[in-house]
Amino acid sequence: MMECDQAGPDPLGLYDPRDDRDSCGFGLIAQLDDKPARATVEAALEALARMTHRGGVAADGLSGDGCGLLLKQPERFLRALAKEAGFALGSQFAAGLVFLPHDDADAARCRDTLRKALAEVQLAVAGWRTVPVDAGACGATARANMPRIEQVFAAPLIDVEGARPTPETFRRALFLARRRATQRLQDVPAFYIVSLSADSIGYKGMVLPSRLPQLYPDLQRPELESSVVVFHQRFSTNTSSRWSLAQPFRMLAHNGEINTIAGNRAWAQARAHVWRSEHLDPREFDPVIETDGSDSQSLDAMLDLLEAGGMDALKAMRILVPPATQSLEYKDADLAAFYEYYALNSEPWDGPAGIVLFDGRYAACTLDRNGLRPARWQLTKDRHFLIASEAGVWDVPAAEVLRKGKLGPGQMIAADLRDGRLLESDAIDAINRARAPYKRWLRQGMTYLHSELIDPNLAAEPFDHATLAGFQKLFQLTREEREKVLRPLAETEQEAIGSMGDDVPMATLSQQVRPLYDRFRQAFAQVTNPPIDPLREDCVMSLATQLGREGNVFADSAETVRHVHLSSPVLSQRKLRQLLAMPPYDTAYRYIELGFDAGTGIRAAIEGVCAQAEAAARDGVLLLILSDRRPRRDQLMLHALLATGAVHQHLVRNGLRCAVNLIVETGTARDPHHFACLIGYGATAVYPYLAYQTLHDLGVRGILNTKHGEVAQIGRSYRRGIRKGLLKIISKMGISTIGSYRGARLFEIVGLDREVTELCFAGTPSRIGGAGFAELQAEAEHLAKIGWDNNALPEIGGLLQFTPDGEYHQFNPDVVQALQRAVASGTREDWARYADAVNTRPPAALRDLLALDASKANAIPLDEVEPIEAIVRRFDTAAMSLGALSPEAHEALAIAMNRLGGRSNSGEGGEDPARYRSDKVSKIKQIASGRFGVTPEYLVNAEVLQIKMAQGAKPGEGGQLPGHKVNALIARLRYARPGIGLISPPPHHDIYSIEDLAQLIFDLKQVNPDALVSVKLVSHAGVGTIATGVAKAGADLITISGHDGGTGASPISSIRYAGTPWELGLSEARQGLLANGLRERVIVQADGGLKSGLDVIKAALLGAESFGFGTAPMIALGCKYLRICHLNNCATGIATQDDRLRAEHFTGLPERVENFFRGLAEEVRGYLAQLGARTLGELVGRTDLLRQVDALAATGEKIDLSLLLAGDGLAHGGHCGTPRLAAANDGLAAELDADLDLVLTNALGGSFAYPIRNTDRSIGARLSGRIARLHGDHGMRDAPIDLHFTGTAGQSFGGFLASGLRLTLEGEANDYVGKGMAGGRIVIRPPRDATFVACDTPILGNTCLYGATGGELYAAGHAGERFAVRNSGAVAVVEGVGDHCCEYMTGGVVAVLGRTGLNFGAGFTGGMAYVLDLDRDFVDRYNHELIDILRINHEGFEAHRSHLTDLLETHAALTGSVFAQRILDDFRDFLGKFWLVKPKAASIESLVDGLRRAA
Amino acid sequence: MSKKAIFDFLDRERAMPARIPLQLRRDGDWGELYGRFAAEEAKQQAGRCLDCGNPYCSWGCPLHNRIPQWLELAREGRVIEAAALCHETNPLPEICGRVCPQDRLCEGSCTLNDGFGAVTIGAVEKYIVDAALAQGWTPDLSQAPSTGKRVAIVGAGPAGLACADRLARAGIEATVFDRYEKIGGLLQFGIPTFKLERTVLDQRHEVLAGMGVQFKLGVEIGRDVSMQSLIDDFDAVFLGIGSYRYTDGKLPGQDLRNVLPALPFLVQNGRLVIGDDADGKPIAGWEDQIDLPDLRGKRVVVLGGGDTGMDCVRSAIRLGAASVQCVYRRDEANMPGSAREVANAREEGVEFLFNRQPLALLGDDAVTAVRVAETRLGEPDARGRRNAEIVPGSESELDADVVIIAFGFQPEPPEWLAAHGIAAEANGRIKVAPKPRGCAKPSSNALPYQTSNPWVFAGGDGVRGADLVVTAVQEGRDAAAGIAKLLLG
């Protein structure tokens, strides 16, 4: 995702090491009265060391990914250093750390350049000092990259003007000098100014946190005192990461990832031409902010720039990373206006972000709108403010703590050192709100387009039949698309669902002319950042689009507001017309026609359109309308996407983009992906006239089955469908607002030549070439020919559904029937026929362009090749859940794989315990975001635990099981209700970042130390970087899935447009792992559309040693590839839960599946003999045995796969199926293991006590794993073990707890408490000597009880965000919760005795909750879609009343909660303020029944 | 429009339209056996379609008809659109709906044919087109302005008609020559009316004429008009000349009285049934002297198990035969005739004798018996088909008053072919360039169905040997595309 830069190591093939991502632990400590102290520095160093588990370590085991400190200028210390170095400092000085090249001459040039830049702003170098360093603190990797480190001191040339600069002018001067020096030294990559400031000084390096003071002995000096220290520990995906990318940067440190970074950087470049202040003209700097390096670095540079332009941190940071503002409108209109005003000329920097910063006055922390990173703070009685990723990194006695808190989503907190006060979010809002009369300005300048409830003008001038048909052909709107894509959008207001993945050739390989959009693959978030949930958390998302000229963010005035507000970028005809009739646009719009003469040539046509656009912008035109609405018979049509990309890029480069809005009037835009492409390449808004015309035609013919049954609503329904689809696409990338997506180019192009991407789509990865302008022109000619040929029939389509004369399908009837014949007969001849049908097909996958090159090989006799039995062990069946599959089919796959010695995968639906330890067990157990049925016993009955980060058919989205498939069995295994649909959240709520993945892997290894942990990824540019990070996070096995995989149901546009071929991803992962020395640490698996032995061989040569198969074994079982899995009516009884179909029509036999894998292995053996290899392992990574063949001569596409083949061949193997050693078990977990060994073995019970600290993670998980193994999930229910802990627990306290374990914690806990718990009890209470008010104070972190299936949790304090998400059985009492509580809950009981955050109960379909609503605003805070809230104090609720009382009494007794006791004492007063929350679908009676059963 | 009920394929039985009651058939009712769906029935039956991702029906259809797509339109009651879509791939859909052996093609391939009962594709196709034509719909040629090109088509059988239809749609004027007085070829003269009522052909004749297709009926090329004049007067020629020479089993006694070749038997009967002049223009010149015996009360034996055989046995039933036996040398599973036809024939009283090889026809003047031997199936040959081997010592005799021989047909190329540079195979089949299969690219520059004379194309039984109506339609259709490409670029 990140852009490439000139610096840094060269890419290896597809893997680009500069594609760097990070994540981390962070924090700051500030003394509110600005009293510097050594103790403050010590505390920061200690805290940093205690977050080592959040960082990454390179393959050498010593080189950390980087850590550092940013300290408020330690004046006394610096003066001492200067004195030692032999120079004096005046009253005003700046100091900073500088990384320099080792070459003396280069270093001297750097120093000199900086000196000159300082002199230009009337500053002088007071002196240079060599910083003492101990390189012994570094690992070998870090040492190799270590720069020369010096310190520079600068001071004003006071004699020049006769007056000292003010602190502001001094700051600005330093900024200019630093930026100018850096700009002038772009050719010296080693030159880097860590900091240069009068306010602060930074130290950073690529070491483990505990070694930072060793690296910089300065940090050990007692004179080093400060009042503010910001610190950071990095987890980078890239082990040869650069020193300069360690954090903090000059102002901030960032934990998380900026998902919108590509767009942010591009817009910064565009806006450099508009933004201006008295003292700053950003055009001086190119790039205006750093575009290489990390996202965090760019964010720091942007904050730096805004402050240099005159903003303070409270304003700048809130503009850059705003909270979700939609709900603000009715709460605080003035604050909403502040955000809306600045949104006119900036877009959010969005993504998981915990940011700590210090700018000289404010030491602050802010969180992204989704609250995806944790931040816990405390204020002590001696007025120290401390905030960090975790609680427990400081040892502050409880009695010293004045208050504690945690930041919520979109909140900011700041210590104001000047005024000595702590500003919480509300106080900061108050400051911002009052800066200017934003609301009045907006009222004067903003126009909201009128939108009638019913829009009759879907198409005011309908096309006649012939015209419509002509347009449809010209723009390739096929009958299939009309019926299967457009119609469902208009009829159901959402995208159609399909099944079984995508089996047509990539567009670039196709023999057919395919829409240009097919060459664009949507980017999606995996591992290093999470997707957002557009279904349940849409409250943070927005498609709002402003039209108008962008203004100068530094010039606050009413004048800059002259905008039109659109609720979405999808225009109706009516809105477009309104707009064009409205001043000032009525005289300031211009159409640019996209038709061109064939003789001109497509490249010249694009350049012509760009020139027209530039001219228009210079003429003061505000709306540029790129249009293909008026095609001419004698012309070809330029594709709107080519035009949009080129024009946007051209205008940005010329500084004109902010002056105009780009409207695209096109027949090419019909489905959400089309809109996403156009907007992603710069369109402001899109008017899809042909979609409207087509729907209008269907409507007037009475064909559409619209929701409202009226023709007039069609357009609106269609737009709703598109909007949902757009939200899904941007959320997949973790982006919340369309503003941040616009122009962000979040795609990978598969199949365009460099000449095209450079002119139209620069900055988008496109790694194998493809069509150039000549081919695109030929396509345009083809379309014009059929479009204007009245006699040409409308195209039928054939992309979704096989048509015999249409696009090739890999699983066409021939292949399916040949496979079924082969596995039924088991003969070599039938297998050969099947293999031939696959291996000689027209090019459909990239591997079809690669042939085996046996020229260098010495063939060996077949009998010297390893036997079938050895090869089949490398085969897995891909994850398919019970639920998607019938039990019969699911078990048949398991039986077959167990007999063969391969492995079947449970999928994400849990597994019937009856299958454990039988021949039906799935050896791979999947852990997906829904966590259905994930219990300790489930986890211990596995050889491999697979974390599904993404799936090929719909990366970035969660699975969905429609209600009609949830029968009694499925409901039991998933801990859900029969008949109610189940959705897996798009993100794993415990993985928002790479360090979170490391934590989940740690959790799983605690529960089942014998299992391999596997992480399933989907191929996309950057997956090599992700794979490297995943390997560093401790995974044993990485699966790279192709886009074509997928057996379950997915939205059609996800099936078709997301993910890339596994050949790309596998190669990139191979190269990335090799480059980082990590290849030997993991097993790599390829998965996606593998069918034949030849496929297996090619995957092995590209680097896979294990192979996953989804569809082919299903077909062996009898699946006919009907692609109706989502309907539950699978006629082969495989993908259905229907009793009749399963009983009477399922004919699958495990033997057929065995025959498939044996046939495959035998085919593999043949190739091994041919290549002279005795084992498959010998061939892993031997890309030298592949060569590209020219199979695309007919279409002219110029594909070059040499990047895939790059990198040394690597022959190794043999660890398939051999678990690697688990990480050493130490600390408290080891102590517990030893102490409780006999107790567990003999199920004795007992009571024990221990101290605990934040580095003791996943306490209870290991014990639970043992219990589950020895006695089952609930086997020790009657022999409880009481464990008492005192202190702060690390993450995942009580995770995956089994029955019988009763944990009591006096102190507090971090994130993921009780995650996946199946039984047992967790009690958390504040320290006895605490003086803060417990019921107002956080005591648990985020995402607690995620996926719990049972057990109890009582905590006397607040829980964080997403409490009890996906709870399906646990009972919990807490005293307050953050946002999204009880999300996706399907069972259990949650009582909240205090304030809840927003969006309570989204997706809540089972279980119940009690909420105490003292502020009487719960009605605004719960999600109304699926739940009802009821009062408990009338008749008929006796059972609930006594249930609530029981819970309160238990809670009070176990936690000593003062507040619970007060409620009990005054129960009559409080009862009327409780709400009972229940799913709309559940009756009160059923809830009572549930209570009775539970009792 | 109603939403599709996804379990209809399970909840609703496959049902064909009501048939003419058995007794009437035995009493000589020659009307179309299957009636027509009522609108609601058609919707319901069409609604059983699963709309598979792999439409095996379409794959199994030589025309690759858009079956799931028009079934969905039929389900929604969009009959006009459905009919238009039927015509996109099939110039003669109502005819295929009636005469295709669906159980071997689309319906045989239908996913639901595996234990659920295939969708009644043929009956729905018939319904769609009949209903649309009854509503006055005709193919829309408004977008096909005349190109001024003219093509001669020799033969008004399914291949020729299909070719004419496509050419008309391409704005090419087609003139169809046929030596008989009516269009249809074997459709008109060979297929019994209980499968295809002649009004259907009349209607199609009107439709084609309405599309601008010219017909020159009763004109025989090589006798009334020379091939040279066609080549001179037209831009291209399509030959759809059929396959009429019947396969000679060389059975001893095949010249005995009351031994009838199948085709003349069917033709003459057909003419009688529809009231045409039974002595109309003879078929193919050689069989005009057939003496059609009255079958009433006779024991009839039909030799051969193809579709023609089925037409013969069922015609014999309707002609009042006392008994009808069908003799076939392989077993039932290997019989080429449509299973549906076999079932109908059985129901109507036909007795099937499988694994019997006829050896000779016995009798002095008229035939009295057939000598047969029992067979068993040997090993599969190269094409996977298992040949019948005679079981030694298993001979027996079947009494017979009338024997009808239905061993199939072969093309009999007219003499003038070679004179115009049109090459034929040794077995008489006209040589044409192949149609590329699936996604494979064409192997030569020749257009599909182009003969060795580039201005002459050919298709149908004259190229393939006796085959199905639907394959003839497919070849005529695809040849037209080649002709259009040749003429229009």
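Because the structure is a prediction, the values reported are computed rather than measured.

Chemist: Explain the interface of chain B and chain A here, please?
Modeler: Size of an interface: often given as the accessible area lost when the parts come together. Contact residues are listed per partner, giving 38 residues for chain B and 45 residues for chain A. Note on chain B versus chain A: buried area summed over both sides is about 3700 Å², and carbon and sulfur give 53% of it. Scanning the region where chain B abuts chain A turns up eight salt bridges. A salt bridge links Arg-1140 of chain A to Asp-11 of chain B; its shortest N-O distance comes to 2.7 Å. Looking at side-chain class alone, the side of chain B that touches chain A contains 17 nonpolar, nine polar and 12 charged residues.

Chemist: Quick question: what am I supposed to make of the sheet that holds strand E4 (residues 236-239) of chain B here?
Modeler: Sheet strands pair by backbone hydrogen bonding; their relative direction is either parallel or antiparallel. Residues and elements named next belong to chain B. Here five strands make up an open sheet; going across it, the order is E3-E2-E1-E4-E16 and the pairing parallel. In this open sheet, the two edge strands, each paired with only one partner strand, are strand E3 (214-217) and strand E16 (456-458). Averaged over all adjacent pairs, the angle separating strand axes in this sheet is 20°, with direction ignored. Relative to strand E2 (residues 173-178), strand E1 (residues 150-154) runs parallel, the two being bridged by five bridges. Bridge assignment links Val-154 to a residue of E2, and that residue is Phe-177. Strands in contact with helix H10 (residues 158-169) are E1, E2, E3 and E4; relative to E1, the strand with the most contacts, it is inclined by about 165°.

Chemist: How do you make sense of the packing of aromatic side chains when you look at a structure like this?
Modeler: Centre-to-centre distance and the angle between the planes together describe a pair of aromatic rings. Residues and elements named next belong to chain A. Overall, the coordinates contain 50 aromatic pairs over all chains when judged by the stated rule. Between Phe-338 and Tyr-339, the aromatic rings sit 5.0 Å apart at their centres with planes inclined by 75°, giving edge-to-face as the arrangement. Note on accessibility: Phe-338 and Tyr-339 belong to one class, buried. Ring pairing ties together the aromatic residues Phe-463, Phe-471, Phe-475, Tyr-687, Tyr-689, Tyr-692 and Tyr-718, which thus form one cluster. In this structure, Lys-1315 packs its charged tip against the face of Tyr-1312, placed 4.6 Å from the ring centre.

Chemist: Explanation requested: the nonpolar core in the structure shown.
Modeler: Taken as a class, soluble globular proteins show a tendency for nonpolar side chains to be buried jointly. Residue and element names in this part refer to chain A. Grouped together as the largest cluster of nonpolar side chains are 216 residues, with contacts concentrated most on Phe-875, Leu-997, Leu-1017 and Phe-1156. Top contributing element to this core by residue count: helix H38 (residues 1150-1171), with 10 residues. Leaving out residues up to four positions away in the same chain, Leu-1017 has contacts with Gln-526, Val-527, Met-949, Val-1023, Ile-1026, Ala-1027, Val-1030, Ile-1038, Thr-1039, Ile-1040 and Ser-1041. Listed in part, the 114 residues of the second largest apolar core include Leu-547, Leu-651, Ile-735 and Tyr-741.

Chemist: Honestly, the domain arrangement of chain B in this entry has me stumped. Any pointers?
Modeler: Residue and element names in this part refer to chain B. Per the domain assignment, the segments making up chain B are domain 1 (3-134), domain 2 (150-243 + 411-488) and domain 3 (246-408). Computed over C-alpha atoms, the centres of domain 2 and domain 3 are 29 Å apart. In this assembly, 17 residues from domain 2 lie in contact with 17 residues from domain 3. Where domain 2 abuts domain 3, roughly 1400 Å² becomes buried across the two surfaces, and 56% of that area is made up of carbon and sulfur atoms. One can count one salt bridge joining domain 2 with domain 3.

Chemist: Can you walk me through the environment of Trp-349 of chain A in this structure?
Modeler: Structurally, the position occupied by Trp-349 of chain A is in the loop between helix H11 (333-343) and strand E10 (353-358). Each C-alpha atom, one on Trp-349 of chain A and one on Met-317 of chain A, is 9.8 Å from the other, the two residues being 32 residues apart in sequence.

Chemist: I'm lost on the UniProt feature "domain: Dihydroprymidine dehydrogenase" (unreviewed entry) in chain B in this one. Help?
Modeler: The sites that UniProt annotates as "domain: Dihydroprymidine dehydrogenase" (unreviewed entry) are residues 29-136 of chain B. Strand forms 0% of residues 29-136 of chain B and helix 54%; the C-alpha atoms that close the span are 29 Å apart.

Chemist: Even after reading the chapter, I still don't get the pattern of salt bridges, so can you show me in this structure?
Modeler: It is possible for side chains bearing opposite charge to pair when their charged atoms get close. All names here are of chain A. Evaluation of the coordinates by the stated rule reveals 149 salt bridges over all chains. For Asp-281, the salt bridge is made with Arg-283, and the minimal N-O distance between the two is 3.2 Å. A relative accessible area of 46% means that Arg-283 is categorised as partly exposed. Lys-732 is paired through a salt bridge with Glu-957; the nearest N and O atoms lie 3.8 Å apart. Taken as a pair, Lys-732 in helix H21 (residues 714-732) and Glu-957 in the loop between strand E33 (944-948) and strand E34 (960-961) lie far apart in primary sequence, 225 residues in all. Of the residues examined, Lys-732 reaches a relative accessible area of 0% and is grouped as buried.

Rules of the game
Residues numbered from 1 in each chain as written. Chains lettered and ligands numbered in written order. Predicted model: local features only at pLDDT ≥ 70, side-chain atom pairs only at ≥ 80, totals over all residues. Heavy atoms only, no water. Contact = heavy atoms within 4.5 Å. Buried area = accessible area lost by both parts, 1.4 Å probe. Salt bridge = Lys/Arg side-chain N within 4 Å of Asp/Glu carboxyl O. Nonpolar A, V, L, I, M, F, W, Y, C, P; charged D, E, K, R; others polar. Pairing = 2+ DSSP bridges. Helix = DSSP H or I, 4+ residues; strand = E, 2+ residues; numbered from the N terminus. Axes fitted to C-alpha atoms, helices over the stretch in contact; angles between N-to-C directions. Phe/Tyr/Trp six-rings, centres within 6.5 Å; stacked < 30°, edge-to-face > 60°. Buried < 20%, exposed > 50% of the residue type's maximum accessible area, 1.4 Å probe, protein only. Lys NZ or Arg CZ within 6 Å of the ring centre and 35° of its normal. Core = buried A, V, L, I, M, F, W, Y, C linked by side-chain atoms within 4.5 Å. Domains from an automatic or database assignment. UniProt positions renumbered as here; feature names shortened; annotations may be inferred.

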